[in-house]
Amino acid sequence: MEPHVASFGRLLHERRTRLGLTQRELAERAGVSVRAVRYIERGEVQQPRQESVRSLAEAVGVDPDQLSLPAARGQKDADSSALCLGILGSLTVRLGRRTVDIGSLKQRCMLGLLALQPNEVVSRDEIIDVLWGDDPPVTCVSLVHSYASRLRQTLEGSRQTSSREQHITATRQGYKLTVEPEQLDLFVFNDLVIRAREMHDDNEESALDLFHQGLSSWRGPVLADTVPGLRQHPAAIRLSHQRLAVVLAHADLAIQTGRPEQAVEHLRALACSEPLHEGMHARLMLALAGSGQRAAALQVFSDIRTRLSHELGVDPSEELKAAHLQVLRQEAPSEPVPETESRHRSTLVMRMVAPAQLPPDVAGFTGRCRALDRLRNLVSPTATGTGAKVIAVTGMAGVGKSALGVHWAHEIRGMFPDGQLYLELNGNSHTPLCPVEALGRLLSALGVPRDRIPAAQAEATALFRTLLADRRMLIVLDDAASTAQIRPLLPGNPDCLVLITSRTQLVSLTASDGAPLVNLDVLAPEESAALLAGMLGRKRVAAEPEAAAVLAELCGHLPLALRIAATNLIVRPGRRLESFVAELRDGDRLSALRVDGDELSIRDAIDSSYRKLRPAARRLFRYLGRHAEPEITYVTAAAMLGTAVHRVKPLLEQLCMASMLRRVAHDRYRMHGLLRYYAAERERMETFTAMSECLG
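A brief structural summary.

Rules used in this analysis
- Residues numbered from 1 in each chain as written.
- Predicted model: local features only at pLDDT ≥ 70, side-chain atom pairs only at ≥ 80, totals over all residues.
- Heavy atoms only, no water.
- Buried < 20%, exposed > 50% of the residue type's maximum accessible area, 1.4 Å probe, protein only.
- Helix = DSSP H or I, 4+ residues; strand = E, 2+ residues; numbered from the N terminus.
- Pairing = 2+ DSSP bridges.
- Axes fitted to C-alpha atoms, helices over the stretch in contact; angles between N-to-C directions.
- Contact = heavy atoms within 4.5 Å.
- Parallel < 35°, antiparallel > 145°, perpendicular 65-115°, else oblique.
- Left-handed = near helix turned anticlockwise from the far one by under 90°.
- Nonpolar A, V, L, I, M, F, W, Y, C, P; charged D, E, K, R; others polar.
- Expected span 1.5 Å × (residues − 1).
- Salt bridge = Lys/Arg side-chain N within 4 Å of Asp/Glu carboxyl O.
- Phe/Tyr/Trp six-rings, centres within 6.5 Å; stacked < 30°, edge-to-face > 60°.
- Lys NZ or Arg CZ within 6 Å of the ring centre and 35° of its normal.

## Quick notes on the pairing of strand β7 (residues 390-394)
Within β7, 5 of the 5 residues are buried, leaving the element largely enclosed by the surrounding structure. Side chains V390, A392 and T394 project from β7 onto one buried face, and the interleaved I391 and V393 project onto a second face that is buried too. Pairing between β7 and strand β10 (residues 497-502): 5 bridges, direction parallel. Across the sheet, V390 pairs through a bridge with V498, a residue of β10. Here 3 bridges tie β7 to strand β11 (residues 517-519), and the two strands are oriented parallel to one another. Looking across to β11, one finds that V393 is bridged to V518.

See below:
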C-alpha cells in the first residue's frame with residue numbers, strides 16, 4: 001500500500017463517516033462506483049484517477065487543490081524510495097514501487113524479528129536465539145552486526161540519510177527498526193481495527209468496512225516464508241491470536257448486519273490453521289448458509305465433526321450443534337453466534353480431566369527464602385503488572401532446583417483451578433524426552449485418548465495449545481535439556497504458568513519468551529545447619545556442632561550432598577559426625593557421597609552434566625580441576641590450555657551455560673568444590689587411560 005494512497009483513503013473514510021454517509025451514498029454524490037470508493041479507502045488503488053479523487057474530495061467537503069497527494073495532482077509518486085514493509089504474510093519490502101531483495105534467509109529473519117517489534121530495541125541475545133537457537137557460532141555477534149549493516153544499506157536505498165534518519169539503528173542493548181505508521185502493514189492493520197472498534201456502536205456499517213480493510217492487510221500467516229523459530233516467536237503468536245479475534249468480531253458483525261458473505265472470505269482463510277476452533281467454524285457455517293451456500297455450510301459441520309472425533313475423541317460442542325440446527329432449518333441468524341459454556345472443546349475436555357500430577361512436597365524443605373520471595377513476586381500482578389507466563393529455575397547439579405520447584409508449585413497450586421501438569425524431561429539422562437513424546441504424555445494427562453494424539457510435533461503442539469486456550473493451569477517441566485526441548489511445550493495462553501527447572505542457563509528462553517531466570521546458588525551456612533538438624537535431629541547435631549559445620553563445608557553446602565551425607569548417618573545412628581567428616585576429608589569424597597543401593601550419587605549427578613559438554617569444554621573443565629586458587633581468570637584458563645584468550649572465552653561461557661562454572665566478575669569465574677574434586681579425578685582417569693593406550 002502506497003503511503004499517499006493510504007493517507008487519502010483514511011481521510012476519505014474519516015470525512016465520510018463524520019458525515020454519516022455509506023459508501024454507496026458517497027459514490028452517488030461523487031458520481032463514481034461503490035467499488036472505487038471501497039478500494040480507495042482501503043488504499044488498494046496504486047494511482048487513483050485524478051478526476052475521481054477530485055470528485056470524492058469535493059463530495060466530503062475537502063478542497064482538492066489543497067491535497068498534497070501526488071495522485072490527486074495527477075503526478076507520479078514524489079518519493080520513489082518510500083519504504084513499505086509487510087509481515088502479515090510472507091516478508092515483503094518495497095522502496096517506492098520497487099520490490100527489494102533482502103538477501104540471505106538469516107538477514108530476512110533478522111528484519112522480520114525487528115519488524116515484529118517495530119520502534120523497539122530487540123536485544124542481541126534475542127536475535128541470536130532466533131537465528132541460531134541453542135547452537136550459535138562463535139562469530140554470531142559479528143554476523144548480526146554484518147546483517148544489520150547490510151539491511152541498513154538495503155532499506156535506505158539511494159537516500160542520503162543521517163544516523164538519526166536511518167531505519168535500522170544499533171544501541172548498546174541491540175537493534176531497532178524505526179518506521180512510520182504507514183510504512184508497516186502491522187501498523188495499518190492495528191489502526192484500522194482500533195477505528196473499527198471505536199465505531200462499532202455508532203456506525204456498524206463503517207465498523208464492518210474497517211474490519212474488512214484491516215483483515216485484507218493479511219496475505220497469509222505471520223512471516224510465512226521464514227524459519228519456524230521466528231514464526232513461533234511470542235510476538236508472532238500474539239499477532240496471530242489478534243487476527244483470529246478480529247476475524248470473529250468481523251464475522252459476528254457481518255452476520256448481525258445481514259452481510260454474511262463478507263465474513264466467509266476471512267473465516268475460510270483461517271480454517272486451515274484453526275482446524276479445531278469450534279466457534280470459528282460455527283460462524284463459517286452461518287455465514288455460508290446466509291450467503292446461499294447451505295451445502296457448503298453442512299460440509300463444514302461434517303468435516304469438523306470428523307476431526308473432533310478422530311483427534312479428540314469427542315462430539316461437537318453445543319455451539320456447533322446449534323449452528324448446524326439453524327442451517328438445517330434455514331434460519332438465517334440476525335444476532336451474533338451465541339456464546340455457550342462449551343464454546344471451545346478444551347472446556348469440555350478439561351472439565352472431564354483436571355490433572356493433579358505434582359509429586360509430594362519435599363519433606364523437611366529448608367531455606368530458600370530469597371528464591372521463594374523472588375518467585376512469589378514474579379507471579380504477583382500487583383508487583384509486576386501482569387503475572388509471568390514462563391519461569392525457569394536454573395543451577396548446578398544437586399543444588400535443589402526440583403525440590404524448590406515442587407515445593408513452590410504446591411504453595412501456588414490454588415491459583416490454578418484447572419489443574420497441574422508435571423513432566424520429567426530427563427534432560428541429563430542418556431535419552432532426554434523428545435518434544436513429541438513429551439506432548440503425548442501431556443495430552444494424555446489432559447484426557448486425549450492415546451490413539452487420537454497427533455504423531456507430528458507441530459500438530460501435537462497445536463492441539464495442546466488449543467486444549468489450554470481457556471484454562472488456568474500450572475505446568476512444571478522438570479530437568480529440561482534445552483530451549484529447543486521446551487518451546488513446543490509452552491501454551492499460548494498467558495493465564496497458564498510454566499515452571500521449568502534446568503541445569504542449563506536458558507538465556508535464549510529469556511531472550512525470546514521473556515522468561516525470568518531464578519539461578520540457585522548453594523545454601524547459606526545457617527540453611528545447611530537447619531537441613532542437617534531437620535534430618536538428623538537437633539540433639540545429634542547440637543552434640544557435635546563443629547563437626548556439623550565442617551560436614552556442611554565439605555559438602556560445599558550443596559543440598560543433594562548434604563541429604564546424601566545425612567542419609568548415610570541416619571542408617572548408622574551410632575556413628576559420630578566427626579568420623580564421617582574424617583572419611584570425607586581424607587578418603588574418596590565422591591564415593592562417600594552416595595547412598596548404597598540407591599541412585600543418589602554426587603559423582604553420577606556431576607557426570608551427567610560432564611557428558612553433555614563438547615570435547616574442548618570437557619578438556620578445559622578437567623584442567624581447571626588442577627587450579628589451586630578459588631577463582632579463575634581468562635588468562636589462567638588460556639595458559640592451562642596453551643591457547644589464546646579469545647579462544648578460551650567461548651569455552652568458559654559454555655561451562656557457565658552448563659552450570660559447571662559460575663561467573664563472579666567480568667573476567668573471573670569460580671568452580672564449586674565438589675565440581676573441582678570431580679574435575680581433578682576425571683583428569684587423572686583420562687591421563688591414566690591415555691598412558692595405558694600408549695603402552696599397549
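## Things to note about the sheet that holds strand β6 (residues 174-177)
Ordered by their spatial adjacency, 3 strands build an open sheet running β4-β6-β5, and the pairing between neighbours is antiparallel. Two strands close off the open sheet at either side, each with one partner strand: β4 (121-123) and β5 (168-170). Between one strand and the next, the sheet's axes are offset by a mean angle of 30 degrees, whatever the strand orientation. Inspection of the sheet shows β4 paired to β6 by 3 bridges, in the antiparallel sense. Bridged to S123 within β6 is G174. With respect to the sheet, helix α5 (residues 105-116) is in contact with β4, β5 and β6, its orientation differing from that of β6 by roughly 70 degrees. Contacts from helix α7 (residues 140-156) reach β5 and β6, with the element oriented near 145 degrees to β5.

## With respect to the packing of α5 against helix α6 (residues 124-132)
Running from N to C, α5 and α6 point in directions that differ by 135 degrees, and their axes come no closer than 10 Å. Viewed along their axes, α5 and α6 adopt a mutual orientation that is oblique. Crossing geometry of α5 relative to α6 is assigned as right-handed. Only E126, I127, V130, L131 and W132 of α6 make contact with α5, whose side of the interface consists of K106, C109, M110 and L113. Broken down by class, the residue content of the contact of α5 with α6 amounts to 7 nonpolar, no polar and 2 charged.

## A closer look at helix α11 (residues 234-256)
In this model α11 runs 33 Å from its N-terminal to its C-terminal C-alpha over 23 residues, within 8% of the 33 Å that 1.5 Å per residue would give. At the C-terminal side of α11, G258 shows a positive phi close to 75 degrees.

## Some words on the sheet that holds strand β13 (residues 662-665)
Reading across the sheet, the 3 strands line up as β12-β14-β13 and stay open at both edges, with antiparallel pairing between neighbours. A single partner strand is all that each edge strand has here, and the edge strands are β12 (631-633) and β13. In this sheet, adjacent strand axes meet at a mean angle of 40 degrees when their direction is disregarded. Judged from the 3 bridges that link them, β13 and strand β14 (residues 668-670) form a sheet pairing that is antiparallel. In the strand pairing of β14, R663 is matched with Y669. Its contacts with the sheet place helix α32 (residues 634-641) against β12, β13 and β14, and it is angled at close to 75 degrees to β12.

## Topic: the pattern of salt bridges
Inspection of every chain in the model, using the stated rule, returns 29 salt bridges. One salt bridge connects E411 with R376, and the closest N-O pair in it is separated by 2.7 Å. Here R376 lies in helix α17 (residues 369-378) and E411 lies in helix α19 (residues 401-412), a separation of 35 residues in the sequence. Given the relative accessible area of 33%, R376 is considered partly exposed. The closest approach of N and O atoms between R603 and D588, which form a salt bridge, is 3.4 Å. In this pair, R603 sits in helix α30 (residues 602-611) while D588 sits in the loop between α28 (577-586) and α29 (589-592), placing the two residues 15 residues apart along the sequence. Within this structure, R16, E205, D209 and R259 form a network of salt bridges that share partners.

## Structural notes on unusual backbone geometry
A positive phi angle, near 55 degrees, is found at N426, a position not held by glycine. For H557, which is not glycine, the phi dihedral falls at a positive 55 degrees. Mapped onto the secondary structure, H557 falls in the loop between α26 (545-554) and α27 (559-570).

## Observations concerning the packing of aromatic side chains
Per the stated rule, a full pass over the model turns up 6 aromatic pairs. Summarising the aromatic geometry, the rings of Y610 and F621 are spaced 5.9 Å apart at their centres and angled 45 degrees between planes, so their arrangement reads as tilted. Taken as a pair, Y610 in helix α30 and F621 in helix α31 (residues 615-624) lie far apart in primary sequence, 11 residues in all. Ring geometry for Y634 versus Y669: centroids 5.9 Å apart, planes at 55 degrees, classification tilted. Of this pair, Y634 sits in helix α32 while Y669 sits in strand β14, and the two are 35 residues apart along the sequence. Since its relative accessible area comes to 12%, Y634 is described here as buried. In this structure Y669 comes out as buried when scored by relative accessible area, which is 0%. Among the aromatic side chains, those forming a connected cluster through ring pairs are Y610, F621 and Y678. For R618, the ring lying beneath its charged end belongs to Y610, and the centroid distance is 5.2 Å. Across the ring face of Y623, the terminal group of R626 is positioned such that the distance to the ring centre comes to 4.2 Å.

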